[in-house]
Amino acid sequence: MSSSSIPAVDFAALWADIGPQALEAVARMGESGWYVLGTEVEQFERDLAAAHGVEHAIGCASGLDAIEIGLRAAGIGPGDEVLTTPLTAFATALAIARAGATPRFADVDEFGLLDLDAVERAIERHPAIRAVVPVHLYGHAVDGARLQQLAEAHDVAILEDAAQAVLARSDGRPVGADTIGAATSFYPTKNLGALGDGGALLTNRPEIAAAARELRDYGQRAKYEHVRLGLNSRLDELHAAILRTAVLPRLVAATDRRRVIATRYLAELDNEQLIVPGVPQGSASVWHLFPVFVVDADQRDAFQAYLREQQIGTAVHYPILASAQEAWDAPEPPSAYPVADRLARTELSLPIHPYLSDEDLTRVIAACNAW
Ligand SMILES: Cc1ncc(COP(=O)(O)O)c(C=O)c1O
């Protein structure tokens, strides 16, 4: 019975909610006769920057591009090594390679976030590391004060991957506010999801914002004046229009709902076969995902199948470490990063989205506890 299925992400409910306003936005954009880099993008960038709590937002074609553009705006390129986490979407590491740099990896902590002690040791051992890309995985904020301390002590650029963490704060500070910046994604499943691809660089640094605006637009400073070898990575007016008036105005309430759901999971999940890690110190998490970790790695797939039988949708983030992907010339064995390896083999993301009802949440919790 489809009426009793609980999807991991509910696009039908999303469209039922935003559809009329999205169609209005499409009509507004269409009637404007201006489809690339116009007033919709400009206004959306202003609204997004204000909502997140930074000075500048630069709309791009994807989160992948926003990371590449942020790194290149900071002067990172060929010959540089960039340290990141193996437990992330492949896009994080791919963006480093696309910027011309070489990705290097360090292990994660029990929350799945980059282990900043391991980062510091790696920076001390490898002087070619000129930047670090921490990932605010699952919507948890990596420790911002520690990131700043690393940047200052070791002269490395920090570009944060906030694809899953728009509005997240570390000790009250918006992620990306005190570093080079943060790249976010508008991929449809994300907290601020578009009806297609998109992303943005969020930053407080005017020189990074200016460079990013050039890089996303063929490296143009003014029309037909190319000062860098850039990309075509502009957020479409169409997506900006829909995001601005149909999606962004709902983001605070949607994030609050995610937090209510997470609070119930944290209080009510009770099964010795499941590890529920909670929230990292100082993180005002936005709960893009709600990860649990199965004690016995061999049982993870059985747990997922059990929930599927009860029509409860889940997903694994991520089954293969970014460092182990065969796209690299020399993929590293998963065992190179033991904590990330264990988390990748035991993680399952439970449904957490703003349209999840209290009744459905009760059903998910009961199913998990009965397993
Ligand atoms: C952590 C992380 N980084 C980067 C990306 C890439 O974003 P996009 O799909 O917009 O390119 C994603 C999402 O797919 C992500 O979850």
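Residues numbered from 1 in each chain as written. Predicted model: local features only at pLDDT ≥ 70, side-chain atom pairs only at ≥ 80, totals over all residues. Heavy atoms only, no water.

A. Quick peek at the side chain of Gln304. Structurally, Gln304 can be placed in helix α10 (residues 300-309). Judged by its relative accessible area of 15%, Gln304 falls in the buried class. Once residues lying within four places of it in the same chain are set aside, the contact partners of Gln304 are Thr314, Ala315, Val316 and Leu348. (Helix = DSSP H or I, 4+ residues; strand = E, 2+ residues; numbered from the N terminus. Buried < 20%, exposed > 50% of the residue type's maximum accessible area, 1.4 Å probe, protein only. Contact = heavy atoms within 4.5 Å.)

B. Representation of the domain arrangement of the protein chain. Domain assignment breaks the protein chain into domain 1 (11-249) and domain 2 (251-370). Its C-alpha centre places domain 1 at a distance of 23 Å from the equivalent point of domain 2. Of the residues lining the interface, 42 residues belong to domain 1; the matching set on domain 2 comes to 36 residues. With both sides pooled, the region where domain 1 packs onto domain 2 buries about 3200 Å², and carbon together with sulfur makes up 64% of that total. The largest per-residue losses of area from domain 1 upon contact with domain 2 belong to Phe90, Tyr138 and Asn191, which jointly make up 22% of the total buried on that side. On inspection of domain 1 and its partner domain 2, the count reaches 19 residue pairs in polar contact (both at pLDDT 80 or more). Contributions of two or more residues to the side of domain 1 that touches domain 2 are made by α1 (11-32), α4 (90-98), β3 (102-105) and β6 (169-170). (Domains from an automatic or database assignment. Buried area = accessible area lost by both parts, 1.4 Å probe. Polar contact = N/O pair within 3.5 Å; in protein donor to acceptor, adjacent residues only side chain to side chain.)

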